[in-house]
Structure formats: C-alpha cells, structure tokens
Amino acid sequence: MVSRREERPPTAVGHHKQPLRPWQIRERCFNVRRRGLDPVEIRAFLHRVADELTAAQTALVAVQEENVRIKNALRAWQSAQSANHRYR
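Residues numbered from 1 in each chain as written. Predicted model: local features only at pLDDT ≥ 70, side-chain atom pairs only at ≥ 80, totals over all residues. Heavy atoms only, no water.

## Here we look at the side chain of Glu41
Within the secondary structure, Glu41 is located in helix α2 (residues 39-86). Assessed through its relative accessible area of 5%, Glu41 is described here as buried. A polar contact of 3.4 Å, which involves the side chain of Glu41, links it to the side chain of Arg28. (Helix = DSSP H or I, 4+ residues; strand = E, 2+ residues; numbered from the N terminus. Buried < 20%, exposed > 50% of the residue type's maximum accessible area, 1.4 Å probe, protein only. Polar contact = N/O pair within 3.5 Å; in protein donor to acceptor, adjacent residues only side chain to side chain.)

## Considerations on the confidence of the model for the protein
Within the protein, residue pLDDT values average 81, and 80% of them lie at 70 or more. Of all the helices and strands in the protein, strand β1 (residues 32-33) carries the lowest mean pLDDT, 79, while α2 carries the highest, 92. (pLDDT = per-residue confidence, 0-100.)

## A look at the pattern of salt bridges
Enumeration over the complete set of coordinates arrives at three salt bridges. Its salt-bridge partner being Arg28, residue Glu41 comes within 3.4 Å of it at the nearest N-O pair. Of this pair, Glu41 sits in helix α2 while Arg28 sits in the loop between α1 (22-27) and β1, placing them 13 residues apart in sequence. Taking the relative accessible area as the measure of exposure, Arg28 reaches 13% and is therefore buried. The closest approach of N and O atoms between Glu52 and Arg48, which form a salt bridge, is 3.2 Å. Highlighted residues: Glu52 and Arg48, both in helix α2, separated by four residues, approximately one helical turn. (Salt bridge = Lys/Arg side-chain N within 4 Å of Asp/Glu carboxyl O.)

## Description of α2
In a regular helix each residue adds 1.5 Å, so 48 residues correspond to 70 Å; α2 covers 70 Å between its end C-alpha atoms and thus fits that length. Considered for burial, the residues of α2 that qualify are Glu41, Ala44, Phe45 and Arg48. Considering only its buried residues, α2 is in contact with α1. For α2, the N-terminal capping position is held by Asp38, with its side-chain oxygen 3.1 Å away from the main-chain nitrogen of Val40. (Expected span 1.5 Å × (residues − 1). Contact = heavy atoms within 4.5 Å.)

## With respect to the packing of aromatic side chains
To describe a pair of aromatic rings, one takes the distance between the centres and the angle between the planes. One pass over the structure, following the stated rule, counts one aromatic pair. Taking 5.6 Å as the distance between ring centres and 75° as the angle between the ring planes, the aromatic pair formed by Phe30 and Phe45 counts as edge-to-face. On the criterion of sequence distance, the pair formed by Phe30 in the loop between α1 and β1 and Phe45 in helix α2 is long-range, its members being 15 residues apart. Residue classification places Phe30 among the partly exposed positions, given a relative accessible area of 22%. Here Phe45 falls in the buried class, since its relative accessible area comes to 9%. (Phe/Tyr/Trp six-rings, centres within 6.5 Å; stacked < 30°, edge-to-face > 60°.)

Structure below.
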C-alpha cells in the first residue's frame, strides 16, 4: 500500500484521472535539487491546482444560477396555485 505522502501523481496537466483532494495539496512533496525545489515540477502542480479551481468555480456559478432559476420557477408555480385556489 502506498502512503499518501509517497503517492506521486504525474506532473503533466490533463493526464490525471481523479480531481485533486485537499490532502494531496496539503501533503504534496516536491523533489529537492541542488538549488532547492524543482521549479518545473512546482509550476506544473500549481497549474493543475489553478485549473481545477477554475473548473470548480465555474461549476459553482452554474449551480448558483440553476438554483436561482429553480427558486423563481417554484415561486411562480406557488403563486399560480394560490391564485387557482382563491377563485374556486
């Protein structure tokens, strides 16, 4: 079994099968080079995080808009039902 700290997802954006999990971001380790961390690896990981955050934010906006649409439709339906019952 691979521990979470040892798990090393590929660095190329677009080749990941599952979305990032919070623990993957918190526990992500980068290779240390003579002059510090590998900047290419870090940049690739940050781009992946940014891409997934963009997707999540876009999905959130879509859900919020759908929520408003459904609430408005429900209010309209409730008003119509209320009007129908008053005039019977």
